[in-house]
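Coordinates in review
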Amino acid sequence: MATSKASKVKLDPARIPAHIAIIMDGNGRWAKRRFFPRVAGHKQGMQNVKTITKAASRLGVKVLTLYAFSTENWKRPGSEVNYLMRLPVDFFNDFMPDLIKENVKVEVMGELDDLPPQTRQASEKAMADTANNTGMILNFALNYGGRDELVHAAQKLAKQVQEGELSPDDIDDRHFANALMTGFLGDLADPDLLIRTSGELRISNFLLWQIAYSELVFVDDYWPDFSPAALEAAIAEYQARDRRFGGLKK
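Just so it is clear, the structure is predicted and the values come from calculations on it, not from any experiment.

1. Some points on a negative patch on the surface
Where like charges cluster on the molecular surface, the negative patch consists of Asp169, Asp170, Asp172 and Asp173. For Asp173, the location among the structural elements is in helix α6 (residues 173-179). For Asp173, a relative accessible area of 57% translates into the label exposed.

Structure representation (structure tokens):
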């Protein structure tokens, strides 16, 4: 069910989702509606990352994972891809003082070795510069694909078996989860809440293992229009749901 209502809501501070993941969709359509080039939408969308990062951090969210660029996005026109690869460089250069001030720790997951050198170096520098921060983790999925992640996890476990470090019979949910790109997040690896903007009702190859029991909220707002009030409305919807994880509550 899609919702775009962003009226003021009252949240239970004790039930803020620890991990929120967002599919930031609709930048291009936001720009098209305003007769702007698509890249203008991406630029505005990156500005909104700053706004939502601060809002989530101040609400007490522990991990905010943002789908920034998928393994399938390379299919887009070269000029658009080049612009998208430049955005992280500009973002980290511009936003780093605020990230430090907010005590936010940056992580970037995905096939980073396949990124342009400048993009990869900016990502690595952001992680290094915020490594000692102890607040919310801002986790970018950059050149990331859920199926690609699962394949790499299977290969990693197969190599451990091949080298005698692990028995096939010992592979369980915990081992598999640790082999994923979100393994570094430990108990916070699985999002409590997944939000997709723009009204599309798809997962788009994002966190396929991790969202097995996530609450899904689809909002009509394009990502550049997704406000802190809309974030709070999505959290309110999350708090109104009964999470049973396949079981029953007495």
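That covers the picture; the talk isn't over yet.
2. As for the UniProt feature "active site" (unreviewed entry) in the protein
The positions that UniProt labels "active site" (unreviewed entry) are, in the present scheme, Asp25 and Asn73. Across 49 residues, the annotated set stays spatially compact, with a maximum C-alpha separation of 12.3 Å. Every residue in contact with Asp25, bar those within four places of it in the chain, is listed here: Arg196, Thr197, Ser198, Glu200, Tyr222 and Trp223. A distance of 3.0 Å separates a polar atom in the side chain of Asp25 from a polar atom in the side chain of Arg29. Summarising the element assignment, Asn73 is placed in the loop between β2 (63-70) and α3 (78-101).

3. What to know about the packing of helix α2 (residues 38-59) against α3
Where α2 contacts α3, the axes come no closer than 10 Å and their chain directions differ by 30°. In this view, α2 runs roughly parallel relative to α3, as classed from their interaxial angle. Note that α2 runs across α3; the crossing there is right-handed. Between α2 and α3, the contacting residues are Arg38, Val39, His42, Lys43, Met46, Val49, Lys50, Thr53 and Lys54 on the first element and Glu80, Tyr83, Leu84, Leu87, Phe91, Asp94, Phe95, Asp98 and Leu99 on the second. Residues that form the contact of α2 with α3 fall into these classes: nine nonpolar, two polar and seven charged.

4. A closer look at the pattern of salt bridges
One side chain can pair with another of opposite charge once the charged atoms of both are near each other. Within the structure shown, the criterion is met by 16 salt bridges. Arg58 serves as the salt-bridge partner of Glu102, at 2.4 Å between the closest nitrogen and oxygen. Here the residue Glu102 occupies a position in the loop between α3 and β3 (105-109), and Arg58 occupies one in helix α2, the gap between them amounting to 44 residues. A relative accessible area of 62% places Arg58 in the exposed class. Arg202 is paired through a salt bridge with Glu200; the nearest N and O atoms lie 3.1 Å apart. On the accessibility criterion, Glu200 (23% relative accessible area) is partly exposed. Several salt bridges share partner residues, and in doing so they unite Asp25, Arg29, Arg196, Glu200 and Arg202 into one network.

5. Here's the deal with the packing of α3 against helix α4 (residues 117-129)
Here α3 crosses α4 at 15°, and the two axes come no closer than 8 Å. Here α4 runs roughly parallel to α3, going by the angle between their axes. Here the hand of the crossing between α3 and α4 comes out left-handed. In this structure, α3 uses Met85, Arg86, Pro88, Val89, Phe92, Met96 and Ile100 to contact α4, whose residues at the interface are Gln118, Thr119, Ala122, Ser123, Ala126 and Asp129. Split by residue class, the contact of α3 with α4 holds eight nonpolar, three polar and two charged.

6. Details of the environment of Leu231
The topology assignment puts Leu231 in helix α7 (residues 228-239). Residues Leu231 and Ala55, 176 residues apart in the sequence, show an inter-C-alpha distance of 8.2 Å.

The rules behind the values
Residues numbered from 1 in each chain as written. Predicted model: local features only at pLDDT ≥ 70, side-chain atom pairs only at ≥ 80, totals over all residues. Heavy atoms only, no water. Patch = residues over 30% accessible without salt bridge, like charges linked within 9 Å, V, L, I, M, F, W, Y side chains within 5 Å. Areas by Shrake-Rupley, 256 points an atom, 1.4 Å probe, with all protein chains shown as cover. Salt bridge = Lys/Arg side-chain N within 4 Å of Asp/Glu carboxyl O. Lys, Arg positive; Asp, Glu negative; His and termini not counted. Charge placed at Lys NZ, Arg CZ, Asp CG, Glu CD. Helix = DSSP H or I, 4+ residues; strand = E, 2+ residues; numbered from the N terminus. Buried < 20%, exposed > 50% of the residue type's maximum accessible area, 1.4 Å probe, protein only. UniProt positions renumbered as here; feature names shortened; annotations may be inferred. Contact = heavy atoms within 4.5 Å. Polar contact = N/O pair within 3.5 Å; in protein donor to acceptor, adjacent residues only side chain to side chain. Axes fitted to C-alpha atoms, helices over the stretch in contact; angles between N-to-C directions. Parallel < 35°, antiparallel > 145°, perpendicular 65-115°, else oblique. Left-handed = near helix turned anticlockwise from the far one by under 90°. Nonpolar A, V, L, I, M, F, W, Y, C, P; charged D, E, K, R; others polar.

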